[in-house]
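Examination of the molecular architecture
Residues per chain are reported as follows:
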Amino acid sequence: MALLRSIAVCLCLTPPAMACDLALALAVDVSGSVDTSEYRIQMDGLAAGLRDPVVSEALVRGQARLMLVQWTGSSRQKVTIPWTQIDGFETLDQFADKVANDPRIWRNFSTAIGEALEMTMSSFDSVSDCKRHLIDISGDGVSNEGVEPSELHGVLRTRGVTVNAIAIEESEPDLTAYFFENVIVGEGAFVVSATGFADYPERIRKKLLREVTQQTAGLD
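Everything numeric in this text was worked out from a predicted model, so none of it was measured.

A full pass over the atoms with the stated rule returns eleven salt bridges. Notably, a salt bridge pairs Asp 97 with Arg 51, separated by 2.2 Å at the nearest N-O pair. Of this pair, Asp 97 sits in helix α4 (residues 89-100) while Arg 51 sits in helix α2 (residues 36-51), placing them 46 residues apart in sequence. For Asp 97, a relative accessible area of 38% gives the class partly exposed. We classify Arg 51 as partly exposed; its relative accessible area is 34%. A salt bridge links Arg 61 to Glu 57, with the nearest nitrogen and oxygen atoms 3.9 Å apart. Remark: Glu 57 and Arg 61 occur in helix α3 (residues 53-61); sequence separation between them is four residues, near one turn of the helix. Given a relative accessible area of 36%, Glu 57 falls into the partly exposed group. One connected set of salt bridges, linked through shared partners, spans Asp 52, Glu 202, Arg 205 and Lys 206.

Turning to the packing of aromatic side chains, a few remarks are in order. Each aromatic ring pair is specified by the distance between its two centres and by the angle formed by the two planes. Applying the stated rule across the entire model yields two aromatic pairs. Consider the rings of Trp 83 and Phe 124, whose centres lie 5.4 Å apart with planes at 55°: the pair is tilted. Taken together, the residues Trp 83 in strand β3 (residues 77-85) and Phe 124 in the loop between α5 (113-122) and β4 (132-139) connect sequence positions 41 residues apart. Neither Trp 83 nor Phe 124 differs from the other in exposure class; each is buried. Directly above the aromatic system of Phe 190 lies the positively charged group of Arg 210, at a separation of 3.7 Å from the ring centroid.

A separate point is the pairing of β3. Pairing geometry for strand β2 (residues 65-71) and β3, over six bridges, is antiparallel. Bridge pairing links Leu 68 to Ile 81 in β3.

A few words now on the state of the cysteines. The tally for this structure, following the rule as stated, stands at one disulfide. The partner cysteine of Cys 20 in its disulfide is Cys 130, sulfur to sulfur 2.0 Å. Note on the Cys 20 and Cys 130 pair: the S-S dihedral is about 95°, so by sign convention the disulfide is right-handed. With Cys 20 in the loop between α1 (2-13) and β1 (22-29) and Cys 130 in the loop between α5 and β4, this pair connects stretches of sequence that are 110 residues apart.

With that settled, the discussion passes to α2. Relative to the 22 Å expected for 16 residues at 1.5 Å per residue, α2 spans 23 Å between its end C-alpha atoms, a close match to the ideal helical length. For α2, every residue scored as buried is listed here: Glu 38, Tyr 39, Gln 42, Met 43, Gly 45, Leu 46, Ala 47, Gly 49 and Leu 50.

Counting buried residues in α5 gives seven out of ten residues, a clear majority hidden from the surface. Every buried residue belonging to α5 is among Ile 113, Gly 114, Glu 115, Ala 116, Leu 117, Thr 120 and Met 121, and all of these are buried.

A few words now on the pairing of β4. When you tally the buried positions in β4, you get eight out of eight residues, the bulk of the element. Of the two faces of β4, the one lined by Arg 132, Leu 134, Asp 136 and Ser 138 and the one lined by His 133, Ile 135, Ile 137 and Gly 139 are each fully buried. Here β1 runs beside β4; their pairing, made up of six bridges, is parallel. Its bridge partner lying in β4, Ala 27 is registered against Ile 137. As paired elements, β4 and strand β5 (residues 161-168) share seven bridges and run parallel to each other. By the bridge assignment for β5, His 133 is matched with Val 161.

What the six strands build is an open sheet, ordered β3-β2-β1-β4-β5-β6; its pairing is mixed. Each edge of the sheet is formed by a strand with only one pairing partner; in this case those strands are β3 and β6 (191-194). Within the sheet, the average angular offset between the axes of one strand and its neighbour, ignoring direction, is 15°. Against the sheet, α2 touches β1, β2, β4 and β5, its axis set at about 160° to β1.

How each quantity is defined
Counting starts from 1 at the beginning of each chain's written sequence and moves along it residue by residue. The predicted origin of the model limits local features to residues at a pLDDT of at least 70 and limits the giving and counting of side-chain atom pairs to 80 or more, whereas totals for whole chains, interfaces and linings rest on all residues. Side-chain measures here rest on the full set of heavy atoms in the structure, leaving out hydrogens and waters. Definition used for salt bridges: Asp or Glu carboxyl oxygen within 4 Å of a side-chain nitrogen of Lys or Arg. Helix numbering and strand numbering both begin at the N terminus, where a helix is a DSSP run of H or I of at least 4 residues and a strand a DSSP run of E of at least 2. Using a 1.4 Å probe on the protein chains alone, a residue whose accessible area is under 20% of its type maximum counts as buried, one over 50% counts as exposed, and one in between counts as partly exposed. Note on aromatic pairs: the rings of Phe, Tyr and Trp (six-membered ring only in Trp) are paired at centre separations within 6.5 Å, and the planes decide the class, stacked below 30 degrees, edge-to-face beyond 60, tilted for the rest. Our definition puts a charge over a ring when NZ of Lys or CZ of Arg is within 6 Å of the ring centre and also within 35 degrees of the ring normal. Strand pairing is defined by DSSP finding a minimum of two bridges between the two strands. We call a pair of cysteine sulfur atoms a disulfide when they lie within 2.5 Å. Working rule for helices: expected span equals 1.5 Å times residues minus one. Axis lines are fitted to C-alpha atoms, over the contacting stretch for helices. Their N-to-C directions set the angle, which ranges from 0 to 180 degrees. Two residues form a contact once any of their heavy atoms are found within 4.5 Å.

Worth remembering: the numbers are spatial, not functional.
In structure tokens, the structure reads:
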């Protein structure tokens, strides 16, 4: 009996595990319109954005889970860094290092945004305990292959997945409007515009700030 009481006391004194606030899938465009230097800018910029002091603080405090997806044409989407629980700053730094060093899988293929969203959406089944499910997709062109992204809006809403986007308007000045009308979905969904790849690092940093601090700013 004394042993049972001791165990009960220990259990009461043990602080409850913090719930996952955000599951964030980072979907990076590696289609044929993205050259080698532009790919490097994306990956280095994304890694730097994750290391931003405010972003990293919010991710760690919210026990976020992060995943990286490379996507291009039809049937060419792959999780290159699986879901990782950000349980400390060291873990976040390791994840950012993997992003910066993630080798490119495909080149010279089309742009299948709908299929990228479809594949990424299915991955949230394994992080169903997280409060918020978010796909952060980058792109420098309209979808020109596979299912149209707008056709997935219904199922994305039903599954509680929000899609935000960063439109890299290197060669398509109306891309932000296209993403706004056809790609993003969910409560509070938004598009960030980058005038070109050189503008990407600062814009993705601000985008991450808006996404990760939205739900964690009120945490104690």
